[in-house]
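# Descriptive structure summary
Read off the chains here:
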Amino acid sequence: MHSTTLLRDTCTMFREHAVEGLQANEEQIAKYLGESLMTVTALSPKIGYDKAAEIAKHAHHHRKTLKQAALDLGHVTSEEFDVLVVPKEMTYPK
């Protein structure tokens, strides 16, 4: 068997058995994004590194979302958080 045939068959099997029909669990993705401490960096330009770090620590220690931690600490409003923390915008270079 040639290596190209092996590679083709492997790709076909992978597609058929692992990729086709695969759907994102958008509810779970949203939950993970809400709990992701890394997105706090989007707040740094507005509130500074120290307050952003305080939010991340608060969220981690109290098992809260970043948004809830930011609101608990009063560093931003709900509207400000929603404008500043947009994970999709953090995936592209500026």
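Up top you'll find the structure we're talking about.
Residues numbered from 1 in each chain as written. Predicted model: local features only at pLDDT ≥ 70, side-chain atom pairs only at ≥ 80, totals over all residues. Heavy atoms only, no water.

## Considering the packing of helix H4 (residues 49-62) against helix H5 (residues 66-73)
Following both chains from N to C, one finds H4 and H5 inclined at 115 degrees, their axes separated by 8 Å at the closest point. One way to sum up the angle between H4 and H5 is to call them roughly perpendicular. Relative to H5, H4 is oriented so that their crossing is right-handed. Where H4 approaches H5, its residues Glu54, Ile55, Ala56, His58 and Ala59 are matched on the opposing element by Leu66, Ala69, Ala70, Asp72 and Leu73. Of the residues belonging to the contact of H4 with H5, the class tally is seven nonpolar, one polar and two charged. (Axes fitted to C-alpha atoms, helices over the stretch in contact; angles between N-to-C directions. Helix = DSSP H or I, 4+ residues; strand = E, 2+ residues; numbered from the N terminus. Parallel < 35°, antiparallel > 145°, perpendicular 65-115°, else oblique. Left-handed = near helix turned anticlockwise from the far one by under 90°. Contact = heavy atoms within 4.5 Å. Nonpolar A, V, L, I, M, F, W, Y, C, P; charged D, E, K, R; others polar.)

## Brief notes about helix H1 (residues 3-19)
Because each turn of an α-helix spans 3.6 residues, side chains separated by three or four positions in sequence point in the same direction. Between its first and last C-alpha, H1 extends 22 Å over 17 residues, near the 24 Å set by a 1.5 Å rise per residue. Glycine 21 sits one or two residues past H1 and shows a positive phi near 85 degrees. (Expected span 1.5 Å × (residues − 1).)

## Concerning unusual backbone geometry
The phi dihedral of arginine 63 falls on the positive side, at around 50 degrees, and the residue is not glycine. Along the chain, arginine 63 turns up in the loop between H4 and H5. Accessibility expressed as a relative area gives 80% for arginine 63, which makes it exposed. (Buried < 20%, exposed > 50% of the residue type's maximum accessible area, 1.4 Å probe, protein only.)

## Things to note about the environment of lysine 31
Its place among the elements puts lysine 31 in helix H2 (residues 26-35). The partly exposed category is assigned to lysine 31, whose relative accessible area is 42%. Expressed as a C-alpha distance, the spacing of lysine 31 and serine 44, which sit 13 residues apart in the sequence, is 22 Å.

Structural measurements only, silent on function.
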